[in-house]
Amino acid sequence: MRELTEIRKEIDRIDREVLSLFQKRMECAAQVAEYKRGTGKAIYDPVREKEKIDELTKEEENHFVKKAVEELFLQMMSLSRRYQYSILSQNDIYIDQLFEEVDALEIHSQTKVVYQGIPGAYQEQAMMKYFGKGIKNFSVPEFKDVVKALDQGEADYGVLPIENTSAGTVSGIYDMILDYDICVVGEESIECHHVLAGLPESSLDQIKKVYSHPQGLMQCKKFLDEHPDWDQARVLNTAISAKKVANDKEVTKAAICSEYAAQIYGLKVLKREVNYEGNNTTRFVIMSKKKQYRKDAGKVSISFSAPHESGSLYNILTHFMFNDVSMSNIESRPLPGRKWEYGFYVDVIGNLNDPAIRNALAGIREETKDFKILGNF
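Anyway, here's the lowdown on the structure attached to this text. (Residues numbered from 1 in each chain as written. Predicted model: local features only at pLDDT ≥ 70, side-chain atom pairs only at ≥ 80, totals over all residues. Heavy atoms only, no water.)

**Considerations on the overall build of the protein**
Secondary structure summary: the protein contains 13 helices and 17 strands in total. Relative to its length of 377 residues, the protein is extended, with a C-alpha radius of gyration of 27 Å against a globular reference of 21 Å. For the C-alpha atoms alone, the extent of the protein along its principal axes is close to 90 × 55 × 40 Å. In the protein, which comprises 377 residues, the proportion classed as buried is 46%. Within the protein, contacts between residues separated by at least 24 positions form 78% of all contacts whose residues are at least 6 apart in sequence. Counting only carbon and sulfur atoms, one obtains 51% of the accessible surface of the protein, whose full area is about 19,800 Å². Charge separation in the protein, taken as the distance between the mean sites of 50 positive and 58 negative side-chain charges, equals 2 Å. (Helix = DSSP H or I, 4+ residues; strand = E, 2+ residues; numbered from the N terminus. Rg over C-alpha atoms; globule rule 2.2 N^0.38 Å. Buried < 20%, exposed > 50% of the residue type's maximum accessible area, 1.4 Å probe, protein only. Contact = heavy atoms within 4.5 Å. Areas by Shrake-Rupley, 256 points an atom, 1.4 Å probe, with all protein chains shown as cover. Lys, Arg positive; Asp, Glu negative; His and termini not counted. Charge placed at Lys NZ, Arg CZ, Asp CG, Glu CD.)

**Quick notes on the layout of surface pockets**
The gaps left among the atoms become clear once a water-sized probe is rolled over them. If you add up the space inside the largest pocket, you get close to 850 Å³. Lining the largest pocket are 27 residues, with Tyr44, Leu74, Glu309, Ser310 and Asn315 sitting closest to its centre. Here the lining of the largest pocket takes seven residues from helix H3 (residues 63–88), the largest share from any one element. Tallied by class, the residues present in the lining of the largest pocket amount to eight nonpolar, eight polar and 11 charged. (1 Å grid on protein atoms, 1.4 Å probe; cavity = no way out; pocket = protein on both sides within 12 Å on 5 of 7 lines; lining within 4 Å. Points joined across faces, edges and corners; volume = space filled by probe spheres on them. Nonpolar A, V, L, I, M, F, W, Y, C, P; charged D, E, K, R; others polar.)

**Here we look at the sheet that holds strand E11 (residues 268–271)**
Strand order in the open sheet made by the five strands is E9-E8-E10-E7-E11, with mixed pairing throughout. Every interior strand has two partners, whereas the edge strands, strand E9 (231–234) and E11, have only one. For this sheet the average axis-to-axis angle between neighbouring strands, irrespective of direction, equals 35 degrees. Two strands pair when backbone bridges link them, and strand E7 (residues 194–198) and strand E10 (residues 253–258) are joined in this way by five bridges, in the antiparallel orientation. Paired with Ala197 across the strands is Ala255, a residue of E10. On the sheet, helix H10 (residues 238–248) packs against E7, strand E8 (209–212) and E10 and is oriented at approximately 150 degrees with respect to E10. (Pairing = 2+ DSSP bridges. Axes fitted to C-alpha atoms, helices over the stretch in contact; angles between N-to-C directions.)

**Considerations on the nonpolar core**
In this structure, Val159, Ile302, Phe320, Leu352, Leu361 and Ile373 are the most contacted members of the largest nonpolar core, which totals 38 residues. Take this core: its biggest share by element is five residues, from helix H5 (residues 122–131). Beyond its immediate chain neighbours, meaning those up to four positions away, Leu352 contacts Ile95, Phe99, Tyr293, Val300, Ile357, Arg358, Leu361, Ile373 and Asn376. (Core = buried A, V, L, I, M, F, W, Y, C linked by side-chain atoms within 4.5 Å.)

**Quick look at empty space enclosed by the protein**
One pass over the full model with this rule turns up three cavities of 30 Å³ or more. Counted as a void, the largest cavity has a volume near 190 Å³. Forming the walls of the largest cavity are 18 residues, and the residues nearest its centre are Tyr122, Gln123, Pro161, His213 and Gln215. Contributing elements (two or more residues each) for the lining of the largest cavity: H5, strand E4 (157–164), helix H8 (214–219) and strand E12 (281–288). Here the residues of the lining of the largest cavity sort into seven nonpolar, 11 polar and no charged. Within this model, the second largest cavity holds a volume of roughly 60 Å³. Around the second largest cavity, the lining residues are Ile162, Tyr174, Ile177, Val184, Arg283, Val285, Ser301, Asp347, Leu374 and Phe377. Of all the secondary-structure elements, those providing two or more residues to the lining of the second largest cavity are helix H7 (173–179) and E12. The residue inventory of the lining of the second largest cavity, partitioned by class, reads seven nonpolar, one polar and two charged.

**Looking at the packing of helix H2 (residues 46–57) against H3**
For the pair H2 and H3, interaxial distance at closest approach is 10 Å and the crossing angle is 145 degrees. For the pair H2 and H3, the crossing hand works out as right-handed. Where H2 abuts H3, its residues Glu49, Lys52, Ile53, Leu56 and Thr57 lie against Lys66, Val69, Glu70, Phe73, Leu74, Met77 and Arg81. Along the lines of polarity and charge, the residues of the contact of H2 with H3 split into six nonpolar, one polar and five charged. (Left-handed = near helix turned anticlockwise from the far one by under 90°.)

**Focus: the pattern of salt bridges**
Tallied over the full model, the rule gives 26 salt bridges. For Arg283, the salt bridge identified is with Glu163, shortest N-O distance 3.1 Å. Here Arg283, found in strand E12, pairs with Glu163, found in strand E4; they are 120 residues apart in sequence, far enough to count as distant. Taking relative accessible area as the criterion, Arg283 reaches 11% and is therefore assigned buried. Overall, the relative accessible area of 26% leaves Glu163 in the partly exposed class. Salt bridges linked by common partners bring Glu163, Glu187, Arg283, Lys299 and Asp347 together as one network. (Salt bridge = Lys/Arg side-chain N within 4 Å of Asp/Glu carboxyl O.)

**Side note on the environment of Ile93**
One can find Ile93 in the loop between H3 and helix H4 (94–98). On the basis of relative accessibility, which here comes to 48%, the residue Ile93 falls in the partly exposed class. Between the C-alpha atom of Ile93 and that of Phe73, which follows or precedes it by 20 residues, the distance is 31 Å.

Listed below in structure tokens is the structure:
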């Protein structure tokens, strides 16, 4: 039996040979990229890759070795593709055709912003924080009305909630952005300090019914669980809940809303900080019909779909790793009418003008379906 040191020396020799062969393979990959640059052929050819792996493993009887060879060559092919993308992305004009780089968003005295809800809503607070209190604005009843107003040119910018630290992603917002030809150009965060508000003459022990937006009810679940006898009613907006309680004039009704909304509609705060997470923050996105991104934008949001197959998502996300791009968020959802296919929403740190971002997105665009850049903000 050979000594361990002798075996390790043999492994080192083999590794050097593997490295040398890998370098030669990458040189060939570069030549393939140059050829495809001239012909316009796609880099990713899944049929050919599968045929090649099947050919390499067809006579292998050892199951472990067979799976190992499949994985080894899948990764090697993936590395070859990423290297080719890095070569071809230098001439990729996909982003430049879709988006315009600007020093700053166009905001002036005639700029109009739309938000969902009524005065006192957290959306209104996000709008004023981002654009200033003097910005022209109007409100609409539902989230979808915001994107419709943008799409029809009735407003220059729109504000929608996208994520909350305690309740998670706001359902359906990503789908609305996909359904309309709009993009995300900015974001704003608001700390949501919910209060329980009632009529000036009401008290906590009189309350029987509480109104709020579903997210508001969710964010205050622990507090509401302490009052199981209270009826919980959903409305379209936290500020709408405050207005309803004020209009109904019943001491048994209360609203979960902001203290600002309670003040606007003449309600009394019965209890402060009823949200169960102290740092209850909602992130809002600023949307526009204009496909623009600021030079100082630092986050890119994309969407794509991928089949429910082993390694498919991993191979897509390695484009970020290969280009040293950091992800800040990822969401998934099943695609309606497409069995075992999933849509993904990913936020990464960077700017559309960064070579690393362009390279990563070029690879993901070619290897996925339904690819879309949602915005750079």
